[in-house]
Amino acid sequence: MQSGTVASNGIELFYESRGPENGEPIVFVMGLSAQMVFWPDSLLDSLAAKGYRVIRFDNRDVGKSTRIRKPIKQGPLSAILRSMVGLSVESAYTLHDMVADTVGLLDALNIERAHFVGASMGGMISQLMAGTHPERVLSLTSIMSSNNSPLLPPPKPAALKTLVAPRVKVETEEQFVAFGLEMMAKLGGTLPQGKEELAAMYRASWARGINPRGIRNQFLAIMATGSLTKTLKQIQCPTTVIHGGADPLIRPAGGKASARHIRGAKLAIIPGMGHDFPPSVIDRIGELITETVGRANSVVQPAVA
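Parameters and conventions
- Residues numbered from 1 in each chain as written.
- Predicted model: local features only at pLDDT ≥ 70, side-chain atom pairs only at ≥ 80, totals over all residues.
- Heavy atoms only, no water.
- Helix = DSSP H or I, 4+ residues; strand = E, 2+ residues; numbered from the N terminus.
- Rg over C-alpha atoms; globule rule 2.2 N^0.38 Å.
- Buried < 20%, exposed > 50% of the residue type's maximum accessible area, 1.4 Å probe, protein only.
- Contact = heavy atoms within 4.5 Å.
- Lys, Arg positive; Asp, Glu negative; His and termini not counted.
- Charge placed at Lys NZ, Arg CZ, Asp CG, Glu CD.
- Core = buried A, V, L, I, M, F, W, Y, C linked by side-chain atoms within 4.5 Å.
- Pairing = 2+ DSSP bridges.
- Axes fitted to C-alpha atoms, helices over the stretch in contact; angles between N-to-C directions.
- Parallel < 35°, antiparallel > 145°, perpendicular 65-115°, else oblique.
- Right-handed = clockwise from strand over helix to strand, strands pointing away.
- Phe/Tyr/Trp six-rings, centres within 6.5 Å; stacked < 30°, edge-to-face > 60°.
- Lys NZ or Arg CZ within 6 Å of the ring centre and 35° of its normal.

### Some remarks on the overall build of the protein chain
Here is step 1 of the chain: Looking only at helices and strands, the protein chain has 11 helices and 8 strands in total.
Here is step 2 of the chain: What you see for the protein chain is a C-alpha radius of gyration of 18 Å, in line with the 19 Å of a compact globule of 305 residues.
Here is step 3 of the chain: Each of the three principal axes of the protein chain carries a C-alpha extent, and together these read 50 × 40 × 40 Å.
Here is step 4 of the chain: Expressed as a percentage of the 305 residues in the protein chain, the buried residues total 55%.
Here is step 5 of the chain: Sequence-distant contacts, at least 24 apart, represent 78% of the contacts inside the protein chain between residues at least 6 apart.
Here is step 6 of the chain: Here the protein chain holds 32 positive side-chain charges and 25 negative ones, and the gap between their average locations is 9 Å.

### Looking at the nonpolar core
Here is step 1 of the chain: Membership of the largest hydrophobic core comes to 85 residues, with the highest contact counts inside it found for Phe28, Trp39, Leu95, Ile143, Phe277 and Ile285.
Here is step 2 of the chain: In contact with isoleucine 143, other than residues within four places in its own chain, are Trp39, Val117, Gly118, Ala119, Ser120, Ile242, Met273, Phe277 and Ile285.

### With respect to the sheet that holds strand S8 (residues 266-270)
Here is step 1 of the chain: Spatial strand order, S1-S2-S4-S3-S5-S6-S7-S8: 8 strands in an open sheet with mixed pairing. The sheet is open, and its two edges are formed by strand S1 (2-8) and S8, each paired on a single side. Between one strand and the next, the sheet's axes are offset by a mean angle of 20 degrees, whatever the strand orientation.
Here is step 2 of the chain: Relative to strand S4 (residues 53-57), strand S2 (residues 11-18) runs antiparallel, the two being bridged by 4 bridges. Paired with glutamate 16 across the bridge in S4 is arginine 56.
Here is step 3 of the chain: In the packing of helix H3 (residues 95-108) onto the sheet, contacts are made with S1, S2, strand S3 (25-29), S4 and strand S5 (114-119), and the angle to S1 comes to roughly 120 degrees.
Here is step 4 of the chain: Across the sheet, helix H4 (residues 121-132) touches S3, S5 and strand S6 (137-143), and the angle it forms with S5 is around 145 degrees.

### Some points on the packing of helix H2 (residues 76-84) against helix H8 (residues 212-225)
Here is step 1 of the chain: The contact between H2 and H8 brings their axes to 10 Å, and the two run at 5 degrees. Classified by the angle their axes make, H2 and H8 are roughly parallel. Here Pro76, Ala79, Ile80 and Ser83 of H2 lie close against H8, whose contacting residues are Arg216, Phe219, Leu220 and Met223.

### Topic: the pairing of S5
Here is step 1 of the chain: Judged by how many residues are buried, S5 sits mostly within the fold: 6 of 6 residues are covered.
Here is step 2 of the chain: Of the two faces of S5, both are covered, the one formed by Ala114, Phe116 and Gly118 as well as the one formed by His115, Val117 and Ala119.
Here is step 3 of the chain: As defined by bridge partners, S3 adjoins S5 across 4 bridges and the pair is classed as parallel. Among the inter-strand pairings, isoleucine 26 is bridged to a residue of S5, identified as histidine 115.
Here is step 4 of the chain: Where S5 meets S6, 6 bridges bridge the pair, whose relative direction is parallel. The partner of glycine 118 across the bridge, within S6, is serine 142.
Here is step 5 of the chain: On the question of chirality, the crossover connecting S5 to the parallel S6 by way of H4 is right-handed.

### Description of the pairing of strand S7 (residues 239-244)
Here is step 1 of the chain: Of all 6 residues making up S7, 6 are buried, and the element is well covered by its neighbours.
Here is step 2 of the chain: Because side chains alternate across S7, one face comprises the buried residues Thr239, Val241 and His243, and the other comprises Thr240, Ile242 and Gly244, equally buried.
Here is step 3 of the chain: Where S7 lies against S8, 5 bridges are found, and the strand directions are parallel. What sits directly across from valine 241, in S8, is leucine 267.
Here is step 4 of the chain: Handedness of the β-α-β unit built from S7, helix H10 (residues 252-261) and S8 comes out right-handed.

### A closer look at the side chain of serine 205
Here is step 1 of the chain: By the secondary structure assignment, serine 205 is in helix H7 (residues 195-208).
Here is step 2 of the chain: Judged by its relative accessible area of 3%, serine 205 is buried.
Here is step 3 of the chain: Not counting residues within four places of it along the chain, the set of residues in contact with serine 205 comprises Gln35, Val37, Phe38, Phe176 and Ile210.

### Some thoughts on unusual backbone geometry
Here is step 1 of the chain: Of note, asparagine 110 is a non-glycine position whose phi angle comes to about 55 degrees, a positive value.
Here is step 2 of the chain: If you check the backbone angles, serine 120 has positive phi at about 55 degrees while not being a glycine.
Here is step 3 of the chain: Topologically, serine 120 is positioned in the loop between S5 and H4.
Here is step 4 of the chain: For serine 120, a relative accessible area of 11% corresponds to the buried category.

### As for the packing of aromatic side chains
Here is step 1 of the chain: In total, this model carries 5 aromatic pairs according to the counting rule given.
Here is step 2 of the chain: Look at phenylalanine 28 and tryptophan 39: their rings are 4.9 Å apart centre to centre, the planes differ by 75 degrees, and that puts the pair in the edge-to-face class. Of this pair, phenylalanine 28 sits in strand S3 while tryptophan 39 sits in the loop between S3 and helix H1 (41-49), placing them 11 residues apart in sequence. As far as the burial class goes, phenylalanine 28 and tryptophan 39 line up, both buried.
Here is step 3 of the chain: Measuring from ring centre to ring centre gives 5.6 Å for phenylalanine 176 and tryptophan 206, while their planes differ by 40 degrees; the resulting arrangement is tilted. Taken together, the residues span a long stretch of sequence, with phenylalanine 176 in helix H6 (residues 173-187) and tryptophan 206 in helix H7 at a distance of 30 residues.
Here is step 4 of the chain: Given a relative accessible area of 24%, tryptophan 206 falls into the partly exposed group.
Here is step 5 of the chain: Chaining the aromatic ring pairs together yields one cluster made of Phe38, Phe176, Tyr202 and Trp206.
Here is step 6 of the chain: One cation-aromatic arrangement involves arginine 60 over tyrosine 93; the distance from NZ or CZ to the ring centre is 4.6 Å.
Here is step 7 of the chain: Lying over the aromatic face of phenylalanine 14, lysine 64 brings its terminal NZ or CZ to 5.0 Å of the ring centre.

Take a look at the structure:
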């Protein structure tokens, strides 16, 4: 296991790498407000045991990476409404900036190409990465994400409240864990969530440092970026789109839209899975990632110019 901080795109990113250093790299990109510790260790360890170099990192504005300090001029509900009617959304940065962060991470770690796995917002970042930097992406696995179109079915009301509700004042670790478990209960599907694992992730997040402003920044970045459809049509690497059949936040239509616009993409809908990683689906997700990586390895990759 290796970890540290690297300079990237004018900021600093904290990363962690496990598995052999000379193994094929798989980069995991996490979603809105979630630190890298929200990737299940069992999933990462299983891939590292197969000989892959497994890398996860904190996006800007979460965990141990740089926090962006710029005024927030719009709230999440206002941003949603403006996006739905085609108006611009003001934000400190967009998902394109977060793609540039990720490119900088690869450069800092001397990685020419990597397989990418992204969840939720991280799926959007990974999709953009594959479409705009095809020479750096060997394969793409997008989980519980979408093409970010404003025309997609909206979240269920309880799930939407986790995004637009007023911020809850949290002063202790126990309050933070309780808040997190309550939120995840609203985002889950019909499969048992594994509360002990979730509580451990929230405790780790608290210990590493939370950044409420960062949640707003990242959400506004999603809204300001707009639809990814044109970029998805440029993706040529082997792609698998995984989505929970019971996802209340990014509805299954979101995953289906991404798969529809990516040439040759395979779509896997997992019954009962919500906007989470229930323990019972971890092995299946690992199998799908491995299969996607295998498809990439069966294709002769052109040399990087």
